[in-house]
Amino acid sequence: MAQQRNQQDSLRFSCSICLDLLKDPVTVPCGHSYCMKCIQSFWDEEDRKGIHSCPQCRKTFTPRPVLDKNLLLAELVEELKKTGLQAAPADHCYAGPEDVACDFCTDRKRKASKSCLVCLASYCEKHLQPHYDVAPLKRHKLVEPSKKLQENICSRHDEVMKIFCRTDQQSVCYLCTMDEHKGHDTVPAAAERAEKQKELQVSRTNLQQGIQEAQKDVKLLQQEVEAIRGSADKTVEDSQKIFTELIRLIQKRSSDVKQQVRSQQEAEVSRVKERQEELEQKITEMKRKDAELEQLSHTEDHIHFLHKYRSLSALSESTHSSSINIRPLRYFEDMTAAVSELRDKLQDTLRETWTNVSLTEVDVLLSGPEPQTRADFLKYSCELTLDPNTANTWLLLSEGNRKVTVMREKWSYSSHPDRFTYCAQVLSKESLTGRCYWEVEWRGEGGVCVSVAYKNMNRAEWFGDNDESWSLGCDTISYRFYHNNIETVVSGPPSSRVGVYLDHRAGILSFYSVSETMTLLHRVQTTFTQPLYAGLCFDYYGVTAELIKVQ
């Protein structure tokens, strides 16, 4: 008997919101009592609607009541605690603040087990029973409990919206089709849902395919990381053997090569890892989108589906395609060859050959995307200077050997085997490998040929007259491209500045007209067998050209 009375007291002095003993009890105007924190949180949620109600009897209060602690009730709860009174066991049948409550419970609200799309009401198990027993109610559409039933009501006609207007892409009621939506393309909401469900499945299929392809690329990138490390280790080992033979002569260079290999290894591994992380993030995002679409595909409320689908329909179809093209494992072999060349040529060619070594780069993702904007190109910009030992005697170098002018009289240069003897041409001092970008700005009536060439090309030939050089001729009205003594007319907007992009390993050489925008003039796809050098060529005096320091 005492135990039963204790249970009754625990129910009487428990908060119907948190189901625990009252803490700082307050009494609302209708007479029901709650924990102060619980009822305030409940009313904070209702502030958005502008009304405040009692969670038990649903009586509303306007304005929001000001609550004071019920001292008598607080003292009584404290006294009862001393007698061993505990909170009533949580009754999971009753609705909490986050639950959908039964609309027909008159006392303490129970959790709804179903919502009816016809009645637009939610029912607990007890009040739902007529929908199972009464013939007319059996035809009603029951779904999982939902707080969004009012979204199904037309705000203008207060009617259930069972029709979808394809013209305006919104849900409407039957009366809407008779006035403001008259003549529009309307279909039953269920029909539109079926149509959108098909689109949803297509989107999911594309996303799942994209996930699979991206996962394959992640595996390829991981394999590439291991291959880079293995190749780098082998290159370091081979380089050390070579430098041992020349330890007294080039001991410092041995340390430099080792450091450079490790630096390039770290840079390339970091680049591949970054690409791998991007793909993993893309996989996560596609999985998240797929989960949202999967959850939406199972909802039974057509109108909620259509409302939600509009916000999700912007999901683009997966456009992921593998861009990973692993080239043969030759990442650092070029550097090993350059070091061997150092061993053979020793001091006489150390400076020139060392330039090739230091500029050797590793380009793992051979088929990676080419730059699209000038900002992208500038990431590969290189500062070039002109080599006085190659300049023809009609050419004068200035501005730190970055600017060249065609003179009316020959300039006095010392004799050198690299000098162009017949053609007014000059090559850069720096060799070009890997990915490089530079710009040439020119002035004058005769124009200029912006070129690249191998170091050993014939010094008596013009750029473009052989298979060892590529040259774009530019003047104020036209462009022409020369290679292997073949001339090709090139169209494009005239500009006094030309950009050159080189991907040596991929065999790509592109020329661009540079102004406010960049316009592709000509693109070469070939195989470069040696390091390249930037070149400038002239056929008329008074013309100037400069290798611009781009930033």
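The name given to the protein chain in an unreviewed UniProt entry is Tripartite motif-containing protein 16-like isoform X1, with Parambassis ranga as the source organism.

On to helix α2 (residues 36–46), then. Within an α-helix, residues lying three or four positions from one another point in the same direction, as the helix has 3.6 residues per turn. Where α2 is concerned, the buried positions are Cys38, Ile39, Phe42, Trp43 and Glu46. Buried residues in α2, looked at end-on, bunch into an arc of 125 degrees, giving them a common side. For α2, the secondary structure elements touched by its buried residues are β1 (25–27), β2 (33–35), β3 (52–53) and β4 (60–61).

Turning to the pairing of strand β17 (residues 479–483), a few remarks are in order. In terms of strand pairing, strand β16 (residues 469–474) meets β17 through 5 bridges, oriented antiparallel. Bridge assignment links Cys474 to a residue of β17, and that residue is Tyr479. The hairpin turn running from β16 into β17, its antiparallel successor, is 4 residues long. In this structure, β17 lies alongside strand β18 (residues 486–490), joined through 5 bridges in antiparallel fashion. Pairing of His483 across the sheet is with Ile486, part of β18. Counted between consecutive antiparallel strands, the loop separating β17 from β18 contains 2 residues, among which Asn484 sits at a positive phi close to 55 degrees.

On the surface, a nonpolar cluster with roughly 330 Å² of combined accessible area is contributed by Tyr174, Leu175 and Met178. As for its position among the elements, Met178 is in the loop between β9 (170–172) and β10 (186–188).

What follows is about the sheet that holds β9. If you trace the 3 strands from one edge of the open sheet to the other, you get β9-β8-β10, paired in antiparallel fashion. Of all the strands in the sheet, just β9 and β10 have a single pairing partner and so form its edges. Shown here is a sheet whose adjacent strand axes are inclined to one another by a mean of 35 degrees, direction ignored. Relative to β9, strand β8 (residues 163–165) runs antiparallel, the two being bridged by 3 bridges.

Before going further, it helps to spend a moment on the pattern of salt bridges. As enumerated under the stated definition, the model contains 24 salt bridges in all. Between Glu278 and Arg275 there is a salt bridge whose closest N-O contact spans 3.8 Å. Remark: Arg275 and Glu278 occur in helix α7 (residues 247–297); sequence separation between them is 3 residues, near one turn of the helix. Judged by its relative accessible area of 23%, Arg275 falls in the partly exposed class. With a shortest N-O distance of 2.9 Å, Glu439 and Arg374 are connected by a salt bridge. With Glu439 in strand β14 (residues 435–443) and Arg374 in helix α11 (residues 374–378), the pair connects residues that are 65 residues apart, well separated along the chain.

Turning next to the packing of aromatic side chains. Summed over the entire model, instances satisfying the criterion amount to 12 aromatic pairs. Seen from their ring centres, Tyr540 and Tyr541 are 5.0 Å apart, and the 15 degrees between their planes marks the pair as stacked. With a relative accessible area of 35%, Tyr541 lands in the partly exposed category. Each member of the aromatic cluster is reached from another via a ring pair, and the members are Phe377, Tyr380, Tyr437, Tyr501 and Tyr512. Positioned above the aromatic ring of Tyr94, the side-chain terminus of Arg108 is 3.9 Å from the ring centre. Cation over ring: Arg459 sits above Phe420, and NZ or CZ is 4.8 Å from the ring centre.

Quick look at the sheet that holds β16 now. The strand order across the open sheet formed by 6 strands is β13-β22-β15-β16-β17-β18, and the pairing between neighbours is antiparallel. Where the open sheet ends on each side, the last strands, each with one partner, are β13 (424–432) and β18. Direction aside, the axes of adjacent strands within the sheet are offset by 20 degrees on average. Pairing of strand β15 (residues 448–454) with β16, which is carried by 6 bridges, proceeds in the antiparallel orientation. Residue pairing across strands places Ser451 opposite Ser471, the latter belonging to β16.

The biggest cluster of nonpolar side chains holds 39 residues, and the ones touching the most others in it are Trp438, Trp470, Leu472, Leu509, Leu536 and Phe538. The contacts of Trp438, once residues within four sequence positions are left out, are Cys382, Leu384, Leu432, Val452, Val498, Gly499, Val500, Leu502, Ala534 and Leu547. Of all hydrophobic cores here, the second largest spans 32 residues; its members include Leu200, Ala232, Phe243 and Ile303.

What follows is about the side chain of Arg419. Topologically, Arg419 is positioned in the loop between β12 (403–406) and β13. In terms of polar contacts, Arg419 uses its side chain to reach the backbone carbonyl oxygen of Ser414, at 2.9 Å. Setting aside its immediate chain neighbours within four residues, Arg419 contacts Pro388, Asn389, Thr390, Ala391, Asn392, Thr393, Tyr413, Ser414 and Arg459.

Calculation criteria
- The residue numbering used here restarts from 1 in each chain and proceeds along that chain's sequence as written.
- Totals for whole chains, interfaces and linings use every residue, but because this is a predicted model, local features are given only for residues with pLDDT of at least 70 and side-chain atom pairs only at 80 or more, for both listing and counting.
- Only hydrogens and water are removed before side-chain values are computed, so all heavy atoms of the structure are retained for them.
- Exposed residues in this analysis have more than 50% of their type's maximum accessible area, buried residues have under 20%, and partly exposed residues fall in between, with area computed by a 1.4 Å probe over protein chains only.
- The helix and strand labels rest on DSSP assignments: H or I over at least four residues marks a helix, E over at least two residues marks a strand, and numbering proceeds from the N terminus.
- The arc in question is the one traced by the directions running from the helix axis out to the C-beta atoms.
- By the convention used here, residues are in contact when the closest approach between their heavy atoms is within 4.5 Å.
- Pairing between two strands requires that DSSP report at least two bridges joining them.
- Patch definition: residues with relative accessible area over 30% and no salt bridge; like charges joined within 9 Å; nonpolar side chains (Val, Leu, Ile, Met, Phe, Trp, Tyr) joined within 5 Å.
- To be clear on the numbers: accessible area is Shrake-Rupley with a 1.4 Å probe, and residue cover counts the displayed protein chains and nothing else.
- What counts as a salt bridge is simple: a side-chain nitrogen of Lys or Arg found within 4 Å of a carboxyl oxygen of Asp or Glu.
- All axes are obtained by fitting lines to C-alpha atoms, using only the stretch in contact for helices, and the reported angles, taken between N-to-C directions, cover 0 to 180 degrees.
- Stacked, edge-to-face and tilted are the three classes for Phe, Tyr and Trp ring pairs, Trp counted by its six-membered ring, which pair at centre distances within 6.5 Å; planes under 30 degrees apart are stacked, over 60 edge-to-face, the rest tilted.
- For a Lys NZ or an Arg CZ to count as sitting over a ring, it must be within 6 Å of the ring centre and within 35 degrees of the ring normal.
- As used in this record, nonpolar core signifies buried Ala, Val, Leu, Ile, Met, Phe, Trp, Tyr and Cys residues forming a set joined through side-chain atoms within 4.5 Å.
- Polar contact is the term for a pair of N or O atoms within 3.5 Å; when the atoms are in protein, one must be able to donate a hydrogen and the other to accept it, and sequence-neighboring residues count only if both atoms are side-chain atoms.

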